[in-house]
Amino acid sequence: MRNHLRPAGGLTLLLALVAVAGCSSGSGGGTSDAAAGAPEGGGTPSAAASGTSYAPYVSATTASGNDAAGSPTTYNLAFVISDGSSCTPEWNGEYGIGNAAVKSRIDQLKTDGATVRVSFGGASGKELASACGNVTQLAAAYGKALDAAGATQADFDVEGDQLADSGSVAMRSAAIAVLQKERPALKVSFTLPVMPEGLDADSLALLKSANKFDVQVSTVNLMTMNYGESYGGDMGDYAVTSATAAHAQLRKVFGTSDAGAWKGMALTSMIGVNDVHGETFTLSDAAQVRKFAETKKIAWVSMWSSFRDQQCTGGDAASDDAATDCSGVQQSAGAFGKALAG
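Residues numbered from 1 in each chain as written. Predicted model: local features only at pLDDT ≥ 70, side-chain atom pairs only at ≥ 80, totals over all residues. Heavy atoms only, no water.

With an unreviewed UniProt entry as reference, the protein is termed Hydrolase, source organism Streptomyces mangrovisoli.

In structure tokens, the structure reads:
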């Protein structure tokens, strides 16, 4: 997703692996962030913890009147990247990690009992894994952002050139492993692009890298959006098809059960008008995705993004506003949040 937008946002799919047989040999500890009642260190999540939660992407810096629509259980805070020239983490590359206004904003999001997940990366700016010189520096940068937000959940949104950069992929995996040794309760998700055919070779290589470094992956968040102009069908159907294809891949990569692979998945849709001409994710699609996620007991569903969950002024879907601060479709404010929350 993009982090140059006003205010900010981003998303994709999460995979809960440790709760079901672990994600790599010798793994231990950690559970899915959606499986609050799952036993530590392995075992199948309890039925009471198997519900699908709702966790929208929100701006970490600017409040929206639609943030709380659907009563989210978790907010994905977008995005932490480099300041542009060093291994210094900043919100959107513009606001210091300790910025008082941002801290106040995050505290406000937590007031109703929701948790926050720090999302690192996105489609714009300089990602920390490319800016930091070594694993120790990178792990420290991630830790500073998590501490500033008071978060025990970290999302790594990896896309574009970063996804194909094997060097930064390996450094990121190693740094996350270090971070989890320091913070055993840290839950990690990866947000990755997906197609109706499933995850591509680069995304699968990233997950294999996480296994190699014994990263405890809670969820794999699929970005069910922006497939390309050759995909002119129904966006709700594409989300279901993409999830089904990725499910088989996740079972193979992590060696988990059928149920475990679903439980370790999250789905993030770009509501309304997508970045690709002809792709529009409707309220009907949102209801379809929610129903599918509940049926499969997928960990959580999300959207890009809360600040777009409103109708454009004058209903102008053709303007760039549809990509920044409104959906480009006819709707009431917060309607997508409510539909995805179920």
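### Regarding the state of the cysteines
Taken as a whole and assessed by the stated rule, the structure comprises two disulfides. One disulfide in the model links C87 with C132; its S-S distance is 1.8 Å. In this structure, the disulfide formed by C87 and C132 twists by about 85 degrees around the S-S bond and is classed as right-handed. Here C132 lies in the loop between α2 (128-131) and α3 (135-149) and C87 lies in the loop between β3 (74-82) and β4 (89-91), a separation of 45 residues in the sequence. Neither residue differs from the other here; C87 and C132 are each classed as buried. Here C312 pairs with C326 through a disulfide, and the sulfurs are 2.1 Å apart. Here the disulfide of C312 and C326 is right-handed, its torsion about the S-S bond being about 90 degrees. Here C312, found in the loop between β13 (300-304) and α10 (321-324), pairs with C326, found in the loop between α10 and α11 (335-341); they are 14 residues apart in sequence, far enough to count as distant. (Disulfide = S-S within 2.5 Å. Helix = DSSP H or I, 4+ residues; strand = E, 2+ residues; numbered from the N terminus. Buried < 20%, exposed > 50% of the residue type's maximum accessible area, 1.4 Å probe, protein only.)

### A word on the environment of G232
Looking at the secondary structure, you find G232 in the loop between β9 (217-224) and α7 (235-254). Along the chain, G232 and T280 lie 48 residues apart, while their C-alpha atoms are 9.6 Å from each other.

### Brief notes about the pairing of strand β8 (residues 187-193)
Within β8, five of the seven residues are buried, which leaves it mostly tucked inside the rest of the structure. Relative to β8, strand β7 (residues 153-157) runs parallel, the two being bridged by five bridges. Directly across from D155, in β8, lies its bridge partner S189. Of the pairings in the sheet, the one linking β8 to β9 comprises six bridges and is parallel in character. Across the sheet, residue P193 finds its bridge partner in β9, namely M223. (Pairing = 2+ DSSP bridges.)

### Focus: the pattern of salt bridges
The full count for this structure, using the stated rule, is six salt bridges. Its salt-bridge partner being R172, residue E127 comes within 3.1 Å of it at the nearest N-O pair. Taken together, the positions of E127 in the loop between β6 (115-121) and α2 and R172 in helix α5 (residues 166-182) put the pair 45 residues apart, joining distant regions of the chain. The partner of D258 in a salt bridge is R251, with the nearest N and O atoms 3.9 Å apart. Of the residues examined, R251 reaches a relative accessible area of 37% and is grouped as partly exposed. (Salt bridge = Lys/Arg side-chain N within 4 Å of Asp/Glu carboxyl O.)

### A word on the environment of V178
Following the sequence through the fold, V178 ends up in helix α5. Judged by relative accessible area, V178 falls into the partly exposed class, the value being 30%. When residues no more than four places from it in sequence are discounted, the contact partners of V178 are V135 and A139. (Contact = heavy atoms within 4.5 Å.)

### A few points about the side chain of N76
Secondary-structure assignment places N76 in strand β3. Within polar-contact distance, the side chain of N76 engages the side chain of R117 at 2.5 Å. (Polar contact = N/O pair within 3.5 Å; in protein donor to acceptor, adjacent residues only side chain to side chain.)

### Observations regarding the nonpolar core
Counting 79 residues, the largest nonpolar core has L77, W91, V118, F120, Y142, F190 and L207 as its most contacted members. Of the residues forming this core, the biggest block, nine residues, is contributed by α7. Excluding anything up to four places from it in sequence, L77 contacts V58, A60, W91, I106, L109, V116, R117, V118, S119 and A149. If you look at the next biggest cluster of nonpolar residues, it comprises eight residues, including A78, F79, M225 and M270. (Core = buried A, V, L, I, M, F, W, Y, C linked by side-chain atoms within 4.5 Å.)

### Quick notes on unusual backbone geometry
Along the chain, A78 connects to F79 via a cis peptide bond; the corresponding omega equals -20 degrees. Considering the arrangement of structural elements, one finds F79 in strand β3. Along the chain, W304 connects to S305 via a cis peptide bond; the corresponding omega equals 5 degrees. Note on placement: S305 falls in the loop between β13 and α10. One non-glycine residue with positive phi stands out, namely K297, at about 60 degrees. Structurally, K297 is set in the loop between α9 (283-296) and β13.

### Considering α5
At 3.6 residues per turn, the α-helix brings residues three or four places apart onto the same side. Over its 17 residues, α5 runs 25 Å from end to end, which matches the ideal 24 Å to within 8%, given 1.5 Å per residue. The set of residues buried in α5 consists of S168, V169, M171, R172, S173, A174, A175, I176, A177, L179 and Q180. Check the buried side of α5 and you find it contacts α2, α3, β7, α4 (161-164), β8 and α6 (201-212). (Expected span 1.5 Å × (residues − 1).)

### Quick look at the packing of aromatic side chains
If you walk through the whole model with that rule in mind, you get 13 aromatic pairs. Ring centres of Y227 and Y238 lie 5.4 Å apart, and the angle between their planes is 65 degrees; on these two criteria the pair is classed as edge-to-face. A residue pair is termed long-range when its members are at least 10 positions apart, and Y227 in the loop between β9 and α7 and Y238 in helix α7 qualify at eleven residues. Classification of Y238 as buried rests on a relative accessible area of 16%. Members of the aromatic cluster, each reached through a chain of ring pairs, are Y57, F79, W304 and F307. (Phe/Tyr/Trp six-rings, centres within 6.5 Å; stacked < 30°, edge-to-face > 60°.)

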